[in-house]
Amino acid sequence: MVYRITLIPGDGIGPEVILAAKRCIEATGVKIEWEEALAGEEALNKTGELLPKQTLYSIEKNKVALKGPITTPIGTGFRSVNVSLRQTLDLYACIRPAKSYEGTKSLYPDIDLIVIRENTEDLYVGIEFEKGSSQAKDLIAEIEKYTQKRIRSDSGLSIKPISSFASERIIRFAFEYALRFARKKVTVVTKANIMKFTDGLFLESARKVAKEYTNRIIFEEALVDNIAMQLVQKPKNFDVLVLPNLYGDIISDLCAGLVGGLGVAPGANLGDKIAIFEAVHGSAPKYKGLNKVNPTAMILSGVMMLKHIKEEKAAQKLENAVKEVLKEAKFVTYDLKSSPNDPTAVGTQEMAEAIIKKIKDR
Ligand code: NAD
């Protein structure tokens, strides 16, 4: 079988890490016809659009994409391509595994957890009212009328919508993910004791959906402040975490930090039909074209992609090869060496070659 997958090199270090990931994925023997598509700065220069229609069409048609990071131009009036992709394609679930690999700067040797973040609601919908604006003043007056609570007149306001629909959808997604990948426990994370009508609704939705999975998956509830501490002290106690957008953003970065940082943190954004796999890190423009950065995060995103298309054996082969190269710590990039100036550090493509060699030698 030949898979057709959209490949978006992206900006900055994107093309380098995408090339490394593509070569490693191909070395597993899985046959892929890559359909290259533009997004980001190069797309803007060539087509006048950051996210050309052709790119969206390619992803919608192929249903699976491997994407490099994209620079968000500051002060140009353009929206983030990443946000546009998530909204346009309704990629409502952001998945970030946090797994310890020997040879990385993981703070514990045995972390293996999955953070699932709701991608479409919460404070990220961008409904904001600037301090002093007539809308902010009107809204403050309305809120005071309805709640008899005073808001300082020099306040800015951000709206936090959380719906039953999106909450139930992401929680069901988390349970289904747990079942599919033989996970044992789902922990829902909120601040429901303080925000009863938003986080409280998310929690209620979780309790309702969890009933459908009784005796199959353990269900647990946690408060976000408490889990931040517990993750640092006892990350092994957790398996799958499901969170609203803002907490998901923060906790997934915390987990990336626990297992060694951006160079090794893979991710995916999924909807019911479409899946985009990408590293957590950004386009790190200062390293562009230097063949220097760590390709591991992008390659591990490729492992997730292979699992998604049900090429489990190839995924395992690739993950094992990455694991061995990391453990040997010889053919690895500067960030994985004990000192960033270590002259034995190899480049992005050389690390990919070491991984490919491990696959071929098996
Ligand atoms: P960044 O992740 O690009 O880089 C921050 C630092 O992390 C780098 O300077 C580097 O020291 C380190 N780093 C990142 N990736 C690495 C790798 N593979 N190997 C080794 N070290 C690595 O974050 P930033 O500088 O805040 O963002 C740069 C641009 O990327 C911005 O325009 C931002 O909007 C964009 N961004 C895009 C995505 C995405 O497309 N998914 C995600 C985050 C940021």
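Predicted model only: the values in this text are computed from it and were never measured.

*Asks:* Quick rundown of the overall build of the protein chain? Include the residues and the values.
*Replies:* Along its length, the protein chain carries 12 helices and 12 strands. In terms of overall dimensions, the protein chain is globule-like: its C-alpha atoms have a radius of gyration of 21 Å, near the 21 Å expected for 362 residues. If you line up the protein chain on its principal axes, its C-alpha atoms span 70 × 55 × 45 Å. Considering the protein chain as a whole, with its 362 residues, one finds that 53% of them fall into the buried category. Counting contacts in the protein chain only where the partners sit at least 6 residues apart, residues at least 24 apart contribute 75% of the total. Carbon together with sulfur atoms contributes 54% to the accessible area of the protein chain, which is approximately 17,300 Å² in total. Of the side-chain charges in the protein chain, 52 are positive and 46 negative, and the distance between the mean point of each set is 3 Å.

*Asks:* Outline the pattern of salt bridges, listing residues and values.
*Replies:* Here the structure, examined in full by the defined rule, presents 27 salt bridges. The partner of Glu-221 in a salt bridge is Arg-207, with the nearest N and O atoms 2.7 Å apart. With Glu-221 in strand β9 (residues 218-223) and Arg-207 in helix α7 (residues 199-210), the pair connects residues that are 14 residues apart, well separated along the chain. Because the salt bridges share partners, they merge into one network encompassing Arg-4, Glu-33, Glu-35 and Lys-61.

*Asks:* Give a detailed account of the site of the ligand, specifying residues and quantitative values.
*Replies:* What surrounds the ligand is a group of 20 residues, the closest being Ile-70, Thr-72, Gly-282, Ala-284 and Asn-294. In the model, an oxygen atom of the ligand is placed 3.0 Å from a nitrogen or oxygen of the Ser-283 main chain. Here the ligand, which alone exposes 810 Å², has 68% of that area covered by the protein. The residue makeup of the shell around the ligand, split by class, is 9 nonpolar, 7 polar and 4 charged.

*Asks:* With reference to specific residues and values, describe the pairing of strand β5 (residues 112-118).
*Replies:* For β5, a buried count of 6 out of 7 residues is recorded, marking the element as mostly surrounded by other parts of the structure. As paired elements, strand β4 (residues 93-99) and β5 share 7 bridges and run antiparallel to each other. The residue of β5 that forms the bridge with Arg-96 is Val-115. With 4 bridges connecting them, β5 and strand β10 (residues 240-243) associate as parallel partners. Bridge pairing in β10 links Ile-116 to Val-242.

*Asks:* Which residues make up the packing of helix α1 (residues 14-27) against helix α12 (residues 348-361), and what are the values?
*Replies:* Running from amino to carboxyl end, α1 crosses α12 at an angle of 10°, the nearest separation of the two axes being 9 Å. Classified by the angle between their axes, α1 and α12 sit roughly parallel to one another. In this structure, α1 contributes Glu-16, Val-17, Leu-19, Ala-20, Arg-23, Cys-24 and Ala-27 to the contact, and α12 contributes Thr-348, Gln-349, Ala-352, Glu-353, Ile-355, Ile-356, Ile-359 and Lys-360. In terms of residue class, the contact of α1 with α12 is built from 9 nonpolar, 2 polar and 4 charged.

*Asks:* Requested: an account of the sheet that holds β9, with residues and values cited.
*Replies:* Pairing within the open sheet is mixed, and its 10 strands lie in the order β2-β1-β3-β12-β11-β4-β5-β10-β8-β9. Bordering the open sheet on either side are β2 (31-36) and β9, each of which pairs with just one other strand. Adjacent strand axes in the sheet meet at a mean angle of 25° when their direction is disregarded. Where strand β8 (residues 185-190) and β9 come together, 6 bridges link them in parallel fashion. Residue Val-189 lies in a different strand from β9, and its bridge partner there is Ala-222. Here helix α8 (residues 224-233) sits on the sheet in contact with β5, β8, β9 and β10, set at roughly 105° to β9.

*Asks:* Quick rundown of α8? Include the residues and the values.
*Replies:* Each full turn of the α-helix corresponds to 3.6 residues, which orients residues three or four apart in the same direction. Three or more residues of α8 are buried, namely Val-224, Ile-227 and Leu-231. Axial view of α8: buried residues confined to an arc of 55°, hence all on one face. Buried residues along α8 sit against β5, β8, β9, β10 and α9 (245-258).

*Asks:* Residue-level account of the state of the cysteines, with values.
*Replies:* Scanning the entire structure with this criterion turns up 0 disulfides. With no disulfide of its own, Cys-255 lies closest to Cys-94 among cysteine sulfurs, the gap being 12 Å.

Calculation rules
Every chain is numbered on its own, with residues counted from 1 as its sequence reads. A pLDDT threshold of at least 70 governs which residues receive local features in this predicted model, and a stricter bar of 80 or more applies before side-chain atom pairs are shown or counted, although totals over entire chains, interfaces and linings include all residues. Only heavy atoms go into the side-chain values, all of them from the structure, while hydrogens and water stay out. A run of DSSP states H or I qualifies as a helix once it reaches four residues; a run of E qualifies as a strand once it reaches two. Both are numbered from the N-terminal end. When we talk radius of gyration, it's over C-alpha atoms, and the globule rule is simply 2.2 Å times the number of residues to the 0.38. Exposure categories follow from relative accessible area, calculated using a 1.4 Å probe and restricted to protein chains: below 20% of the type maximum is buried, above 50% is exposed, and the middle band is partly exposed. Here, residues are in contact when the closest pair of their heavy atoms is within 4.5 Å. The Shrake-Rupley method, run with a 1.4 Å probe sphere, supplies the accessible areas, and residue values consider only the shown protein chains as cover. None of His or the chain ends enter the tally, which takes Lys and Arg as positive and Asp and Glu as negative. Charge placement uses NZ in Lys and CZ in Arg. For Asp and Glu, CG and CD serve respectively. Each reported salt bridge corresponds to a side-chain nitrogen of Lys or Arg within 4 Å of a carboxyl oxygen of Asp or Glu. Proximity is defined per residue: any heavy atom of the residue falling within 4 Å of a molecule or strand makes that residue near it. Pairs of N or O atoms within 3.5 Å make up the polar contacts considered here, provided that, within protein, one atom can donate a hydrogen while the other can accept it, and that residues adjacent in sequence are counted only when both atoms are side-chain atoms. Basically, the charged four are Asp, Glu, Lys and Arg, the nonpolar ten are Ala, Val, Leu, Ile, Met, Phe, Trp, Tyr, Cys and Pro, and anything else, Gly included, counts as polar. Whether two strands pair depends on DSSP finding at least two bridges between them. Axes, fitted as lines to C-alpha atoms, cover a helix only where it is in contact. Angles between the N-to-C directions of the axes lie from 0 to 180 degrees. Roughly parallel means an angle under 35 degrees; roughly antiparallel, over 145; roughly perpendicular, 65 to 115; everything else is oblique. The directions from the helix axis to the C-beta atoms form the arc being described. Any two cysteine sulfur atoms within 2.5 Å of one another count as a disulfide.

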